[in-house]
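# Structural overview for review
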Amino acid sequence: MTNTVSKRVRSIQASATVEINALALSRKAVGEDVISLAAGEPDFDTPAHICEAGIAAIRAGKTHYTQLAGIPELREAIAEKFRRENSLEFDPADVVVANGGKQLIYNAALAVLDPGDNAIVVAPFWVSYLDIVKLADAEPRVVATRSDKQFKLRPADLAAAIDERTRLIYLNSPGNPCGNVYSRTELNALGEVLEAHPQVTIVSDEIYEHLCWGEESSLSIAAIRPALADRTLVVNGMSKCYAMTGWRLGYAGGPSWLMREIRKLQGQQTTNASSIAQYAAVTALNGSLDAVKAMADTYQRRSVVALEAVNAIDGMRCEPVAGAFYLMVDSHRLIEKAGSVDDIALCKAILESTGVACVPGTAFGAPGFIRLSYACEDAVFRDAMARIGEFSASFS
């Protein structure tokens, strides 16, 4: 018997961030001196009061199936959070809780895309957007941005990319992998373009919402341009801002017509998210943001330290960032200096020579760049940059 896999699966790639981090961890497990700057994960523990709420849920026997879309008290807490922090009005019935934000982003694509349709993906992009569109049998339409413009989508480029078969666009702010944050003015201008194309559903990925600094935060395009609310899915979750990656809990609010289809898809996939994580999330969302703000303040301080360390290396250059915990580093000169073919080869050479794991920009639609995570102690990041600095100097 010949084993075969579908064309759908053959069309996608494994997640580069997951693969590289797994390689780094496997090397570390056998005693190698490895520093991984590849993972998109906070290095903080989940705040204690949230952990206690999860433990209390276990002890109270809240370990059974829940309603498919989430326990009522969590959906109510999410609806109130959207109202309080984002100026968005969602009925709790139009909120869905899932096994991470990724499931909701994937199900949105399955809900609206057909073969022959296309979805706009802004490069550099989170690694999964591209392949999620392919898994929905649609075409990713990649729109490039510029590093000297903070990797932000310009309204003219958006307008030029949309055609009659465009059905979906992903907007991500604060952004992974770039650490960019769209202002109210910028979102308003993009929204004006999208209002002219009623066939386009918007997925607003706000998973890094509170991990940003500056005057403007917690901005949703659906609040800024209310005419878009009936076709915007606002995706968020507990992983990044609350350091709850392992709890696997995402949530979204959106128009009734779309949430109905997302519930239908989830019912045939996983049913409800973890009951324990749901009860912990109620405590998190109804409680103080002090722990989240403390983490954001730390990331802001680290971003300055990380930027200085990167820009001290000959052949690497990065602009200041405004959110998340990543730097997208222009490495074209280092690639040339090291005699590497591309950013993929450069990352392999850096890992082999220095023990530092980073993600090639090609995985994010940005060849010639590499992504570094500064979700680590300053001393660890400085050590990693010192190693890469020695690597660069060896080619002088």
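Figured I'd write up the structure that's included with this text. Throughout, residues of each chain are indexed from 1 in the direction in which the sequence is written. Residues qualify for local features only when their pLDDT is at least 70, as the model is predicted, and side-chain atom pairs are given and counted only at 80 or more; totals for whole chains, interfaces and linings, by contrast, use all residues. The side-chain numbers reported here are obtained from all heavy atoms of the structure, hydrogens and water having been left aside.

## Describing unusual backbone geometry
Pro124 follows Ala123 through a cis peptide bond whose omega is 0°. Strands here mean DSSP runs of E at least two residues long; helices mean DSSP runs of H or I at least four residues long; both are numbered from the N terminus. Here Pro124 shows up in the loop between strand E3 (118-123) and helix H6 (127-135). Residue Pro177 follows Asn176 across a cis peptide bond; omega there is 25°. Along the chain, Pro177 falls in the loop between strand E5 (166-172) and helix H8 (184-195). A positive phi angle is found at Ala243, which is not glycine, with a value near 55°. Relative to the assigned elements, Ala243 resides in the loop between strand E7 (232-237) and strand E8 (250-253). Here's how the labels work: a residue is buried when its accessible area is under 20% of the maximum for its type, exposed when over 50%, partly exposed in between, all with a 1.4 Å probe on protein chains only. Note on Ala243: relative accessible area 7%, which makes it buried. One non-glycine residue, Arg248, lies in positive phi territory at about 55°. By the secondary structure assignment, Arg248 is in the loop between E7 and E8.

## Overview of helix H3 (residues 48-59)
The end-to-end C-alpha separation of H3 is 16 Å, in line with the 16 Å expected for 12 residues at 1.5 Å each. Of all the positions in H3, only Ile50, Ala53, Gly54 and Ala57 are classed as buried. For H3, the angular spread of buried residues about the axis comes to 100°, placing them on one side. Along H3, exposed side chains directed more than 90 degrees from the buried face belong to Ala48 and Arg59. In the core, the buried residues of H3 are packed alongside helix H11 (275-286). Following H3 by one or two positions, Gly61 adopts a phi angle in the positive range, close to 75°. To estimate how far a helix should extend, the number of its residues minus one is multiplied by 1.5 Å. Directions pointing from the helix axis toward each C-beta atom define the arc. We call two residues in contact when some of their heavy atoms are within 4.5 Å.

## Overview of the side chain of Thr245
Within the element layout of this structure, Thr245 appears in the loop between E7 and E8. A polar contact is formed between the side chain of Thr245 and the side chain of Glu41, at a distance of 2.5 Å. Those residues within four positions of Thr245 in sequence are excluded, and the remaining contacts are Glu41, Pro42 and Ser239. Whenever two N or O atoms come within 3.5 Å, that pair is a polar contact, provided that in protein one can donate a hydrogen and the other can accept it, and provided that, for residues adjacent in sequence, both atoms are side-chain atoms.

## Regarding the pairing of E5
Burial of E5 is extensive: 6 of the 7 residues sit out of reach of the surface. Where E3 meets E5, 3 bridges bridge the pair, whose relative direction is parallel. Paired with Ala119 across the strands is Leu168, a residue of E5. When DSSP finds at least two bridges between two strands, those strands are taken to pair. Examined bridge by bridge, E5 and strand E6 (residues 201-205) share 5 bridges and lie parallel to one another. Note on E6: the bridge partner recorded for Ile169 is Ile202. Looking down the strands as they point away from the viewer, one classifies a crossover as right-handed if the path from the first strand across the helix to the second runs clockwise. Note on the crossover from E5 through H8 to E6: the handedness is right-handed.

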